[in-house]
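Close look at the chain arrangement
Here is what each chain is made of, one letter per residue.
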Amino acid sequence: MTESLTDIIADLEDRDLLVQLAGGEGAREHLLSGSRTVYCGFDPTAESLHVGSMVPLLVLKRFQMAGHQPIALVGGATGLIGDPSFKSSERSLNSTDLVESWVEQLKPQLGRFLDFNCGSNSAILANNLDWTRDYDVLGFLRDVGKHFSVNAMIQKDSVKQRIDREGEGISFTEFSYMLLQSYDFSELNKRYSCSVQVGGSDQWGNITGGIDLTRRMHQQQVFGVTTPLVTKSDGSKFGKTESGTIWISPTKTSPYAFYQFWLNVADADVYTFLRYFTFLSTVEIEEIERSDREAQGRPEAQGILAREATRLVHGEEGYTAAARISQALFSGDIGRLTESDLAQLELDGLPCTQFEALPVGLVDALVRTELAKSNKMAREFISNKAVSVNGEVVSEADVELTGSQALHGQYLILKRGKKLFHLVKLPRP
RNA sequence: GGAGGGGUUCCCGAGUGGCCAAAGGGAUCAGACUGUAAAUCUGACGCGAAAGCUUCGGUGGUUCGAAUCCACCCCCCUCCA
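As the structure is a computational prediction, the values presented were derived from the model and not from experiment.

Reading the values: the criteria
- Numbers given for residues are sequential positions, taken from 1 along each chain in its written order.
- Written order determines the labels here, with chains lettered from A and ligands numbered from 1.
- In keeping with the model being predicted, local features are shown solely for residues with a pLDDT of at least 70 and side-chain atom pairs are shown and tallied solely at 80 or more, while totals for entire chains, interfaces and linings include all residues.
- Hydrogens and water are ignored here; the side-chain numbers use all heavy atoms of the structure.
- A strand pair is defined by DSSP finding two or more bridges across the two strands.
- In DSSP terms, a helix is any run of H or I states spanning at least four residues, a strand is any run of E spanning at least two, and both are numbered starting from the N terminus.
- Axis lines are fitted to C-alpha atoms, over the contacting stretch for helices. Their N-to-C directions set the angle, which ranges from 0 to 180 degrees.
- Should any heavy atoms of two residues lie within 4.5 Å, those residues are counted as being in contact.
- Whenever a carboxyl oxygen of Asp or Glu lies within 4 Å of a side-chain nitrogen of Lys or Arg, that contact is scored as a salt bridge.
- Only the six-membered ring of Trp is used, alongside the rings of Phe and Tyr, when aromatic pairs are assigned; centres must lie within 6.5 Å, and planes under 30 degrees apart are stacked while those over 60 apart are edge-to-face, with the rest tilted.
- Here the term buried applies to any residue with accessible area under 20% of the maximum for its type, exposed to any over 50%, and partly exposed to those in between, with areas from a 1.4 Å probe on protein chains only.

Digging into the sheet that holds strand E2 (residues 37-42)
Ordered in space as E1-E6-E5-E2-E3-E4, the six strands form an open sheet in which the pairing is mixed. Single-partner strands in this sheet number two, and they are strand E1 (20-22) and strand E4 (124-127). Strand-to-strand twist in this sheet, taken as the mean axis angle between neighbours without regard to direction, amounts to 25°. Contacts from helix H3 (residues 54-65) reach E2, strand E3 (69-74), strand E5 (194-200) and strand E6 (223-227) within the one sheet, and its direction differs from that of E2 by about 165°. Helix H12 (residues 204-218) contacts E1, E5 and E6 of the sheet and is inclined by roughly 170° relative to E6.

Right under this line is the structure:
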């Protein structure tokens, strides 16, 4: 498999996915002259990865596609400590049980992006708890700690605000994080001859720490590649919507919601995101951009991005289901949906609530379906003409939902605002 | 252990006895305009239909009345030991 090496660095540069190379001039040459082992770590800070983690993860995949061997590392150990990099305040520690369960949930998510069965550059899944759990304190301080200068560590940008800024501080626990991540790199170098680490640009300090440590402990020159942190043109935070974080896990964010997230990406960001989040070639992406510019009206790019990203994360089936729901709900005529269309929407993961009996006041229904947080909000939405039932705007707060309105005697589609739908299911008459 | 500073509604941040459900900004939500964009404008933003009720780290207290005063406790920060 090593014979088909491509220039991964050129590819990353092309896609604006390369922020910095660490480890000196030799990095590109190193990657071009042979199949290398490349690692990227993901800390368990929740039960699922979110879209923000996709950039480095896909970069790892890009390395594999370019002929290198990827190691996806789950931070079973580092997740117990907490990375202080560019965090404005100390975080509270999660229990070991919790972190352990998150590790188990992250593993399959990481795995699905990489190929574990492709010969010499098959992916490896590792957990840094494996080599830190039984490391004794004195040994660690003597072998690893001795190589770090606190003077240098407090100069790092990543912890500067925690040290300089009035009103903030940093515990020794978090301060030690860098030692652990650095040690991971040197350990992976020893175990797997891993010579490249990929990470977001916020990981620069931790990566260079690992490069130095590996040189000191094993006399090996290793390298780092940092990827951009995804930002949005309007300055708001990437990966969050009104309903919260966009997760990879289908139980936390349905494929439909995931698809909608990408579909709603701003024009100003969409071509950048195509480069970051899809495997379409830059030539294809430029072509999309050109044709969008020439056509007036709605660009194609969001649809393509949504399709590609959803396929990557939720597979072809997830994508078709998501696209099918979107098509049904946004193409207008909700009243024309057939009974099986509606049943399919439910199966496809449109949020759905079973009601036991009718009539139910509309205000009540909005609260029960979580389309409104409180009765007060529900009333406000109704009076703003933001609520519709089966596609018909309802502006009277005291309206009751009755069985006779139900489509095919069984379903009601509630809509709040322009984009939020909820299926209400009634017992069969 | 000592000295000092601080903990306000999602976030930042005013408020230092009644006019405070608590300024201002941000975020968010809805509407108009649109392309399920962006920008802009309008409105909402503790709960309640309302009367009213519950909030300003916690618990008690002073007072006709407390986010504001007092006591104790918890947590954070800075400096000293």
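Points about the pattern of salt bridges
Pairs may arise between side chains of opposite charge once their charged atoms sit close together. Overall, the coordinates contain 15 salt bridges when judged by the stated rule. With its nearest N and O atoms 3.1 Å apart, the salt bridge here joins Arg307 to Glu308. The partner of Lys425 in a salt bridge is Glu346, with the nearest N and O atoms 3.5 Å apart. With a gap of 79 residues between them, Lys425 in strand E15 (residues 420-425) and Glu346 in helix H17 (residues 339-348) connect regions that are remote in the sequence. Each of the salt bridges in this network shares a partner with another, and the network as a whole consists of Arg307, Glu308, Arg311 and Glu316.

Here we look at the packing of aromatic side chains
Counted under the stated rule, the structure contains 13 aromatic pairs. An angle of 70° between the planes, with centres 6.0 Å apart, marks the rings of Phe258 and Trp262 as edge-to-face. Of this pair, Phe258 and Trp262 are both found in helix H13 (residues 255-263), four residues apart, which corresponds to roughly one turn of the helix. Assigned by exposure class, Phe258 and Trp262 land together as buried. For the ring pair Trp262 and Phe273, a centre distance of 6.3 Å and an interplane angle of 85° mean the geometry is edge-to-face. Residue Trp262 is located in helix H13, and its partner Phe273 is located in helix H14 (residues 267-277); the two are separated by 11 residues in the primary sequence. Both residues of the pair, Trp262 and Phe273, belong to the buried class. Taken together, Phe258, Phe261, Trp262, Phe273, Tyr276 and Phe277 form an aromatic cluster joined through their ring pairs.

Concerning the sheet that holds E15
Taking strand neighbours across the sheet as the criterion, the five strands line up as E9-E15-E14-E11-E12 in an open arrangement whose pairing is mixed. Edge positions in the sheet fall to strand E9 (352-354) and strand E12 (392-393), since each has one partner strand and no second. Inspection of the sheet shows strand E11 (residues 387-389) paired to strand E14 (residues 411-416) by three bridges, in the antiparallel sense. Looking at the pairing, Val389 lines up with Leu414 of E14. Here H17 sits on the sheet and contacts E9, E14 and E15; the angle it forms with E14, its principal contact strand, is near 60°.

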